[in-house]
Amino acid sequence: MGEVGVAVRGLHKRYGPTAALDGMGFSVGPGRVTGFVGPNGAGKSTTMRVVLGLDTADEGTALIGGLPYRSLRRPMTHIGALLDAAALQPSRRARNHLLWMARSQGIGARRVDEVIDRVGLATVAGRRAGGFSLGMRQRLGIAAALLGDPGVLMMDEPFNGMDPEGIIWLRGLLRALAGEGRAVLISSHLMSELQDTATHVVVVGRGRVVADTSVAELLAAASAGGRVTLRAAQPERAATVLGAAGGTAVPAGPGTLSVSGLSAEDIVAHLTRQGVPFSEVAAHRATLEDAYLRLTRDATEFTGADAVGGTRTSGGTETGERA
Amino acid sequence: MNDFLLTVRAEWTKLRTVRGWVLALVVALVVPVVIGLTSVNGSRSGGCPGAEVCGPPTGPGGEAVTDAFTFVHRSLGPHGSLTARITGLTGQRPRIPGSGGGGAPVPQAWAKAGVMVKEDTEQGAAYAAVMVTGGHGVRMQSDFTHDTAAPKAGTSSTAASSAGAHSDAASAAAPPTAAAPRWLRLTRAGSTLTGATSPDGTHWTTIGTATLPGLPATAQAGLFTTSPEHTEVDRHALGESATSGPTRATATFDRVTLSGAATANSTESGGLWRTTVIGADPVTAAFSASSQRSTPAGESFTVSGSGDIAPAVGGRAFGARSVEDGLVGTFAGLLVLVVVGSSFVTAEYRRGLIRGTLAAQPRRGRLLAAKALVVAAAAFAVGLVAAALSLKLTASRLHAKGVYVLPAATGAEVRVVVGTALLLALAAVLALGAGILLRRGAGAVTAVAAAVVLPYILAISGALPVAGADWVLRVTPAAAFAVQQTTVRYSQVAGVYAPSDGYFPLAPWAGMAVLCGWTVLVVGAAYAVLRRRDA
């Protein structure tokens, strides 16, 4: 996959005594949205700056389509990036902000109007960018990233400052971009923002990758140890039946049991077969947020990615090895 | 398109799409012109009657000249020569209040006496002359700007034989005396004049030749004496001031022989010598005199004169202005362009936009070059228009007011305008480099203003003593203002060549080279930093 998307390998970078990147490594494949998640200070933005050749890593490589950013010609036609929506000159009109970027890549003015349309800024394109809200600036930044029609898109916290309508729009846009076969990397410190968008996540903490997995597997793993709440008229009998089936049921209040080790479907099947009446079976579906919180908590309690080693999947063939 | 050109185009788009920068460029164009025009508003005409513009005479080369001397002359045909022996050159200067002058009969160093062939007796007419001077030895000069010293061998042969080798240099430069007279000869062959000198009238040394194109068949040949103003420079705490006064020189000539006189009857030559005080004004006229007597060995004369035969220097002294006076507002335009140049990059650092810029062009050297090219081109264009307008508008304003403007060659005017534009372009690039190094607009502007504008203003305002001003205009980037100088410094003309009079210590392009050096240094450092630094 080295020729398509982004490949980050073993990045190390120190700022004085602090290691901002400590063996960061992952890949961003085409045709899907990859979430880049981690708490503030985990190294997401630093990684993105290194990918764009803005910061130099002490060690390691970051390649776009197999090439370092600084060797790309017309780089914005290879990778479109939104790092900081506030990075614009306030007195310059929005359209002109895109126009100079287009000029720098040999892109025509017509394309500028196309991307302005696509991000929904057509009516305000002639206004000074300094008067834009954060949400509008995000849209302008996204337009800049789209300008070169690149195969890779990389955005740092693009949901920040967006209203609910904007968030829904952006999720749709990101899915559509991935659907066009592009590699899309979206960073966020809120996993929930990526719930319906990302199909793959790279979870980072303390400058390295904690988990690199598909969202489905991450949820399954998080749910695997989940508990089911059972309401039954005869809780002792139910507990005996479920214990014999391999589960563990502990009282959780009058007429209520908390069951672990069995899925809700298994519980229903066993109780029905033994004729034990019950009134409610409620499975706690793990959210992406739950999974993420567990992972990042683990990452602070245990060092390295070993705590979630079992969840690593095909997305990152080499990831985490340095950790 | 080449990616460097794309980046240049992008940077140009950036510059033209920020209204503040566009306005600043307009201001940088208009303000210097306004300042230039305002500065000449106070000028008055040099006291010429009526509305007529008057000023110093101009020489054959078009330059303003001083042409004032006592001339004892005859008509000379197309071929002939004039020989004379000078047996003394003495000086006299009037008492200047507060100075001890007046007494000793020592001539001014550039007091001149000798033989001359001149087109006619009009001021500024073409001439060639061989002369002794008060302190610069024997020389041949022609058409005001040409000056050749006599070869050492020719002047020192008697000194070596009579006074010994140790006094060689001193006697070579010293004026002649009765004990050590000096022979001078000027030979005309058509329009070519050859000067020669001899210690004894027998052994002649050629000094040089001068070609005076268009010298009429009948020219004036004769003896002349003149002596320039004496200047006392008074140093005080806040600078220097100069006091000047006229002086007089008196030369004695004998053994005067003229061959090839235009009049047929040369035996009556004695009666044909006429005395003309060229460029007479009340002061020099009072100082001029001539007397003549005939001896068997030839004619003998005593000629006194005051004035100078030289290109005009220190034009402001006689109420004239030089063309570059209209450019006094350059520094204001420069300041504005320095602000544009530095903020062209510091504005990006301030907002983090530099990351977007470097993402668009990750080759940082090319980015720096593109930015430099764009600010330099903008500043150059603005400077070119502003300088050309300033020059033309102030010149016509001065003309309308009857103020004389010292003529400058077209080439010099072009050099001043192009040089001013280049000065502004380099200063803007210097500011860009400082902006990259400091990443702060205020700091960069302050640094460049302190390096370029401050020394210039201190030097030309006369706030610094001449030596200090000269030093500052040699080593700081302000040296480049020398490119605006059209007045010429002549080593053969005594004068106060101070920056406050428009005389820079370095030649125009040498001054520009100093600014170039600084710009290369700062931009080089900026490149090194930009390349290594995380954006």
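Residues numbered from 1 in each chain as written. Chains lettered and ligands numbered in written order. Predicted model: local features only at pLDDT ≥ 70, side-chain atom pairs only at ≥ 80, totals over all residues. Heavy atoms only, no water.

Visitor: Lay out the overall build of chain B in plain terms, naming residues and giving numbers.
Guide: A tally of regular secondary structure across chain B gives twelve helices and 19 strands. Of all 535 residues assigned to chain B, the portion counted as buried reaches 51%. Of all intrachain contacts in chain B linking residues separated by at least 6 positions in sequence, the fraction that spans at least 24 positions is 76%. Here chain B displays about 21,500 Å² of accessible surface, and carbon together with sulfur accounts for 60% of that area. (Helix = DSSP H or I, 4+ residues; strand = E, 2+ residues; numbered from the N terminus. Buried < 20%, exposed > 50% of the residue type's maximum accessible area, 1.4 Å probe, protein only. Contact = heavy atoms within 4.5 Å. Areas by Shrake-Rupley, 256 points an atom, 1.4 Å probe, with all protein chains shown as cover.)

Visitor: Hey, could you go over the overall build of chain A for me, with residue numbers and the actual values?
Guide: Regarding its fold elements, chain A presents nine helices and 14 strands. Within the span of chain A, comprising 323 residues, buried residues form 51% of the whole. Here the analysis covers contacts within chain A between residues at least 6 apart in sequence; of these, 69% occur between residues at least 24 apart. With the model as given, the accessible surface of chain A reaches about 13,500 Å², and the carbon-plus-sulfur share is 52%.

Visitor: Any chance you could break down unusual backbone geometry for me, citing the residues and the numbers?
Guide: Residue and element names in this part refer to chain B. Even without being a glycine, F144 presents a positive backbone phi close to 70°. For F144, the position within the fold is in the loop between strand 5 (138-142) and strand 6 (146-149). Its relative accessible area of 1% is what places F144 among the buried residues.

Visitor: An account of helix 7 (residues 235-244) of chain A is needed here, citing residue identities and associated values.
Guide: Residues and elements named next belong to chain A. Among all positions of helix 7, only P235, A238, V241 and L242 are buried. Down the axis of helix 7, the buried side of the element spans an arc of 125°, and every buried residue falls inside it. In helix 7, the exposed positions angled more than 90 degrees off the buried face are occupied by E236, T240 and A244. Downstream of helix 7 by a residue or two, G246 has a phi angle that is positive, lying close to 105°. (Arc of directions from axis to C-beta.)

Visitor: For the sheet that holds strand 5 (residues 67-68) of chain A, give the residues involved together with the corresponding values.
Guide: Residues and elements named next belong to chain A. Here we have four strands laid out as an open sheet, ordered 2-1-4-5, and antiparallel in their pairing. The strands lining the two open edges of the sheet, one partner per strand, are strand 2 (18-28) and strand 5. Looking at chain direction, strand 1 (residues 6-15) and strand 2 are connected through eight bridges and run antiparallel. Residue pairing across strands places A7 opposite S27, the latter belonging to strand 2. Those strands touched by helix 1 (residues 44-51) are strand 1, strand 2 and strand 4 (59-64), and its axis lies near 115° from that of strand 1. (Pairing = 2+ DSSP bridges. Axes fitted to C-alpha atoms, helices over the stretch in contact; angles between N-to-C directions.)

Visitor: Report on the nonpolar core, specifying residues and quantitative values.
Guide: If you look at the biggest cluster of nonpolar residues, it comprises 89 residues, and the most contacted ones within it are A:M24, A:F26, A:I79 and B:L334. Among the elements that line this core, the one with the most residues is helix 9 (residues 410-438) of chain B, at twelve residues. With near-sequence residues (within four places) excluded, B:L334 lies in contact with B:L423, B:L424, B:A427, B:V452, B:V453 and B:F481. Judged by nonpolar contacts, the second largest core, of 56 residues, contains A:L170, A:I186, A:A211 and A:V215. (Core = buried A, V, L, I, M, F, W, Y, C linked by side-chain atoms within 4.5 Å.)

Visitor: Explain the sheet that holds strand 12 (residues 248-251) of chain A to me, and be specific about the residues and the numbers.
Guide: All names here are of chain A. Pairing is antiparallel in the open sheet, where four strands are placed in the order 12-13-11-14. The open sheet has two edge strands with one neighbour each: strand 12 and strand 14 (280-283). Here the average twist between neighbouring strands, direction ignored, is 25°. Direction of pairing for strand 11 (residues 227-231) relative to strand 14: antiparallel, over a ladder of four bridges. Looking at the pairing, V228 lines up with A283 of strand 14. Its contacts with the sheet put helix 7 on strand 11, strand 12 and strand 13 (256-260), and the angle it makes with strand 13 is roughly 10°. Its contacts with the sheet put helix 8 (residues 264-274) on strand 11, strand 13 and strand 14, and the angle it makes with strand 11 is roughly 35°.

Visitor: Explain the environment of A:L121 residue by residue, including any values.
Guide: Tracing the sequence through the fold places A:L121 in the loop between helix 3 (109-118) and helix 4 (134-146). Sequence separation between A:L121 and A:R137 is 16 residues, and the spatial gap between their C-alpha atoms is 9.8 Å.

Visitor: I'd like to hear about the pairing of strand 13 (residues 248-261) of chain B, residue by residue, with values.
Guide: Bridge count between strand 2 (residues 69-92) of chain B and strand 13 of chain B: eleven bridges; the pairing is antiparallel. Each residue of the ladder has a partner; that of B:G88, found in strand 13 of chain B, is B:T252.

Visitor: With reference to specific residues and values, describe the interface of chain A and chain B.
Guide: Frequently, the measure chosen for interface size is the accessible area removed from exposure when the parts meet. Taken together, the contact between chain A and chain B spans 34 residues of the former and 29 residues of the latter. Taken together, both faces of the contact between chain A and chain B bury some 2,700 Å²; the carbon and sulfur share is 53%. Among the residues of chain A in contact with chain B, A:L54, A:W100 and A:R103 are the three that bury the most area, contributing 25% of the side total. For the pair chain A and chain B, the interface holds one salt bridge. On the surface where chain A and chain B come into contact, there are nine residue pairs in polar contact (both at pLDDT 80 or more). Class assignment for the residues of the side of chain A that touches chain B results in 13 nonpolar, ten polar and eleven charged. (Buried area = accessible area lost by both parts, 1.4 Å probe. Salt bridge = Lys/Arg side-chain N within 4 Å of Asp/Glu carboxyl O. Polar contact = N/O pair within 3.5 Å; in protein donor to acceptor, adjacent residues only side chain to side chain. Nonpolar A, V, L, I, M, F, W, Y, C, P; charged D, E, K, R; others polar.)

Visitor: Please provide a residue-by-residue account of the pattern of salt bridges, values included.
Guide: According to the stated counting rule, one finds 19 salt bridges over all chains in the structure shown. With its nearest N and O atoms 2.8 Å apart, the salt bridge here joins A:R182 to A:D149. You can see A:R182 sitting in the loop between helix 5 (164-179) and strand 8 (183-188) and its partner A:D149 sitting in the loop between helix 4 and strand 7 (152-156), a full 33 residues away along the chain. Here B:D147 makes a salt bridge to B:R139, at a shortest N to O gap of 2.9 Å. On the accessibility criterion, B:D147 (23% relative accessible area) is partly exposed. Three or more residues joined by partner-sharing salt bridges are found here, namely A:R118, A:D149, A:E180 and A:R182.

Visitor: A description of helix 6 (residues 330-351) of chain B should follow, citing residues and the corresponding values.
Guide: All names here are of chain B. With 22 residues, helix 6 should reach 32 Å at 1.5 Å per residue; the first-to-last C-alpha distance of 31 Å fits that figure. Of all the bends in helix 6, the greatest measures close to 40° and is centred on S343. Two residues or fewer past helix 6, G352 is found with a positive phi of approximately 80°. (Expected span 1.5 Å × (residues − 1). Bend = angle between axes of the 7 residues up to and from the residue.)

Visitor: Can you explain the UniProt feature "transmembrane region" (unreviewed entry) in chain B? Please cite residues and give values.
Guide: All names here are of chain B. Mapped onto the present numbering, the UniProt feature "transmembrane region" (unreviewed entry) falls on residues 21-40, 326-347, 368-389, 416-438, 445-467 and 509-530. Annotated as 78% helix and 0% strand, the span residues 445-467 places its first and last C-alpha atoms 28 Å apart. With 100% helix and 0% strand, the stretch residues 509-530 has end C-alpha atoms that lie 30 Å from each other. (UniProt positions renumbered as here; feature names shortened; annotations may be inferred.)

Visitor: Break down the side chain of B:T357 for me, citing the residues and quoting the values.
Guide: If you trace the backbone, B:T357 turns up in helix 7 (residues 353-360). The class of B:T357 is buried, set by a relative accessible area of 1%. If sequence neighbours within four positions are ignored, B:T357 has contacts with A:W100, B:E11, B:K14, B:E348, B:L367 and B:K371.

Visitor: Now, about a nonpolar patch on the surface: what can you tell me, with residues and values included?
Guide: Residue and element names in this part refer to chain B. A contiguous nonpolar patch, built from L384, V385, L389, L393, V414, V418 and W509 and spanning about 540 Å² of accessible area, is present on the exposed surface. Those elements giving two or more residues to the nonpolar patch turn out to be helix 8 (364-400) and helix 9. Tracing the backbone shows L384 in helix 8. Here L384 falls in the partly exposed class, since its relative accessible area comes to 30%. (Patch = residues over 30% accessible without salt bridge, like charges linked within 9 Å, V, L, I, M, F, W, Y side chains within 5 Å.)

Visitor: Go over the environment of B:G36 with me, naming the residues and quoting the values.
Guide: On the secondary structure map, B:G36 appears in helix 2 (residues 19-41). In this structure B:G36 touches B:G326, B:V328 and B:T394, once residues within four positions along its chain are discounted.

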